[in-house]
Amino acid sequence: ESLYYMPGMQHFRSISLDRFIEDKEDGYIPAIESGFVGEFTRVWSAAIHPDARFREAKNQYGRVGVNLGYNFSDFFADPEADLSDMRLEDESMIKAKLTYLATGLPSLSISTSWEVENPGAQGPQSYFHRTMVPADVDVLVQRLRPRSDKNRKIIFRSIAGFFDGEKELLTEGICEVAIHFASSRYASIAVASALDNMFKEHWKNLNLQFVDHDNASEVDEELRTQATSNKRVGGTLLKQRILREGKVLNGGILKVSSFVNHMVDVDLMDICGEDLAERLRDTMPNKVLTVEATGLIPALAVGRKLSIPVVFARKSRPITISESYQTMYQSKTKGQLSELIVSREYLNGGDRVLLIDDFLAGGSTCEALFKLANMAQARVVGLGVLIEKTKDGGRAFLSGYDVPVESLAKVTINDDNTLRVDDD
């Protein structure tokens, strides 16, 4: 253990880690929590706080065959120890090494601090440094806010650490926010960013690959084989159905009720979902966000293919949702304002969200989903739709969000209500 010693290591402790060590010494090895359906090729441990960020990391790493089996989220420093000169990088690495020494497994950790801008000062004195205690953050911000310029900066900084017995790896995440808006919840953005950067380093250096869990319903074997070898087969089949069965109604509305949004061809939707999933796989989402009800049809297939959960925005508030994010959008098909609601329980800061819908027309529905994600401080990493109506300008309307947009079928409805399906 002396090989891994770092100055100050003796001042850090975790009650749950102490209990783990005691159990091991008594001959009892705690069961590894799975929590993820899939094939695991590696098992790691973690010291990640808060637990919500650990669950997100567990989901993200689980999709590449790494099971974060143990988490010791209750590390704390001895209040009597003088650790004022300790770097955040060293604190995070100490947690990773202590966890590794106890479990014998490669270990991830996170440490977070916050800093308050010191107006007029230069160099190291330009910020007051504080350890990350959420209650203290909110109390001090409330005290400083009335006598501070509204643009005075609060900086949340997180360092993710990794240690496997040989390799040490550190990544950083930063969130700057004006004191007028600041609160401790913004720390989760820095934590998510640091862990996200760590995942990218592991992806690059460890040659991680997505685990493919093909749980979709069985379809014609020839189509399934084709779907595996050609990721664009979903778009091809969808275009063929639109040409055969699609109808243009007054107002430029495309009716695809016989196979998409009234009577559903489940085999076709499974293949379309696989197509969208393959096109957007590299965005590394951990959740799909869509709109009830027709958006759920492709979204479920995408979520199944990527082995990630699907969250759908509701158009009315059920009694089971108390705290929520909500926004309004203009529905072209209904010709009226509609509300979208998502529970705060299922959309979190640091989530990497993939938006999926059946149509992209003017872009108002998708923009509402962007807004809901932003309210939750989640990051939208991509947008996938079955059908894009090119003349309605939705792609251009959403271009400011700067995310990849994939559509399986681009259609043009002319002024005389004739339909053209565009070639990619």
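Since the model is a prediction, treat every value here as computed from it, not as a measurement. (Residues numbered from 1 in each chain as written. Predicted model: local features only at pLDDT ≥ 70, side-chain atom pairs only at ≥ 80, totals over all residues. Heavy atoms only, no water.)

(A) Here's a closer look at the overall build of the protein chain. If you tally the helices and strands in the protein chain, you get 12 helices and 18 strands. In the protein chain, which comprises 424 residues, the proportion classed as buried is 52%. In the protein chain, of all internal contacts separated by at least 6 residues, the share reaching a separation of at least 24 is 69%. Put simply, the protein chain shows about 20800 Å² of open surface, and 48% of that area lies on carbon and sulfur atoms. (Helix = DSSP H or I, 4+ residues; strand = E, 2+ residues; numbered from the N terminus. Buried < 20%, exposed > 50% of the residue type's maximum accessible area, 1.4 Å probe, protein only. Contact = heavy atoms within 4.5 Å. Areas by Shrake-Rupley, 256 points an atom, 1.4 Å probe, with all protein chains shown as cover.)

(B) Representation of the packing of helix α7 (residues 233–245) against helix α9 (residues 266–280) in the model. Where α7 contacts α9, the two axes come as close as 7 Å, and the packing angle between them is 135°. On the basis of the axis angle, α7 is oblique to α9. Here α7 runs over α9; the crossing is left-handed. Of α9, the residues touching α7 (which contributes Val233, Gly234, Gly235, Leu237, Leu238 and Arg241) are Leu268, Ile271, Cys272 and Asp275. Here the contact of α7 with α9 is composed, by residue class, of 6 nonpolar, 2 polar and 2 charged. (Axes fitted to C-alpha atoms, helices over the stretch in contact; angles between N-to-C directions. Parallel < 35°, antiparallel > 145°, perpendicular 65-115°, else oblique. Left-handed = near helix turned anticlockwise from the far one by under 90°. Nonpolar A, V, L, I, M, F, W, Y, C, P; charged D, E, K, R; others polar.)

(C) Focus on the side chain of Arg53. Looking at the element boundaries, Arg53 is found in helix α2 (residues 51–62). A distance of 2.7 Å separates a polar atom in the side chain of Arg53 from the backbone oxygen of Gly349. If we ignore the near neighbours within four places in the chain, the residues touching Arg53 are Ile48, Ser188, Val191, Ala192, Leu195, Asn348 and Gly349. (Polar contact = N/O pair within 3.5 Å; in protein donor to acceptor, adjacent residues only side chain to side chain.)

(D) Geometry of the sheet that holds strand β17 (residues 405–413). Strand order in the open sheet formed by 6 strands is β12-β11-β15-β16-β17-β18, with mixed pairing between adjacent strands. The sheet is open, and its two edges are formed by β12 (310–313) and β18 (419–421), each paired on a single side. Between one strand and the next, the sheet's axes are offset by a mean angle of 25°, whatever the strand orientation. Sheet contacts for helix α10 (residues 296–306): β11 (287–291), β12, β15 (352–360) and β16 (379–389); angle to β15, the most-contacted strand, approximately 145°. (Pairing = 2+ DSSP bridges.)

(E) Inspection of the packing of α2 against helix α5 (residues 187–205) at higher detail. The interhelical angle for the contact between α2 and α5, taken along N-to-C directions, is 20°, at an axis separation of 11 Å. Comparing their axes, α5 and α2 come out roughly parallel. Classified by chirality, the crossing of α5 by α2 is right-handed. On α5, the residues that touch Arg53, Gln60 and Tyr61 of α2 are Ser188, Val191, Ala192, Leu195, Asp196, Met198, Phe199 and His202. Classifying every residue of the contact of α2 with α5 gives 6 nonpolar, 3 polar and 2 charged.

(F) Expanded view of α5. Look at α5: 27 Å from first C-alpha to last across 19 residues, which is about the 27 Å you get at 1.5 Å a residue. Within the span of α5, buried status applies to Ala187, Ser188, Ala190, Val191, Ala192, Ala194, Leu195, Asp196, Met198, Phe199 and His202. Trailing α5 by a residue or two, Asn207 shows a phi angle of about 55°, which is positive. (Expected span 1.5 Å × (residues − 1).)

(G) Representation of the environment of Lys239 in the model. Structurally, Lys239 can be placed in helix α7. Lys239 gets classed as buried once you look at its relative accessible area, which sits at 14%. With 170 residues separating them along the chain, Lys239 and Ala409 place their C-alpha atoms 5.9 Å apart.

(H) Up close: the nonpolar core. Counting residues in hydrophobic clusters, the biggest one holds 30 residues, and the most contacted among them are Leu238, Ile242, Leu254, Val302, Leu386 and Ile387. Taken together, the elements giving at least two residues each to this core come down to α7, α8 (257–261), α9, α10, β15, β16 and β17. Ranked by residues supplied to this core, first place goes to α9 with 7 residues. Residues within four places of Leu386 in sequence aside, it is in contact with Leu238, Val260, Met269, Cys272, Leu276, Pro298, Asp357, Asp358, Ser407, Leu408 and Ala409. By size, the runner-up hydrophobic cluster in this structure holds 26 residues, among which are Tyr329, Leu347, Ala368 and Val380. (Core = buried A, V, L, I, M, F, W, Y, C linked by side-chain atoms within 4.5 Å.)

(I) Representation of the packing of aromatic side chains in the model. If you walk through the whole model with that rule in mind, you get 9 aromatic pairs. Residues Tyr61 and Phe199 carry aromatic rings whose centres are separated by 5.0 Å and whose planes lie at 80° to one another, so their mutual orientation is edge-to-face. Pair noted here: Tyr61 is in helix α2 and Phe199 is in helix α5, with a separation of 138 residues, a long-range link. Here the aromatic cluster, defined as three or more aromatic residues joined through ring pairs, consists of Trp44, Tyr61, Phe162, Phe199 and Trp203. Directly above the ring of Phe163 sits Lys97, whose terminal nitrogen or CZ lies 5.1 Å from the centroid. (Phe/Tyr/Trp six-rings, centres within 6.5 Å; stacked < 30°, edge-to-face > 60°. Lys NZ or Arg CZ within 6 Å of the ring centre and 35° of its normal.)

(J) Highlighting helix α3 (residues 88–103). The end-to-end C-alpha distance of α3, which contains 16 residues, comes to 23 Å, matching closely the 22 Å that a straight helix rising 1.5 Å per residue would cover. Here α3 lies mainly inside the structure; 14 of its 16 residues are buried. Directly beyond the C-terminal end of α3, a positive phi value near 75° is found at Gly104.

Coordinates in, geometry out; function isn't part of it.
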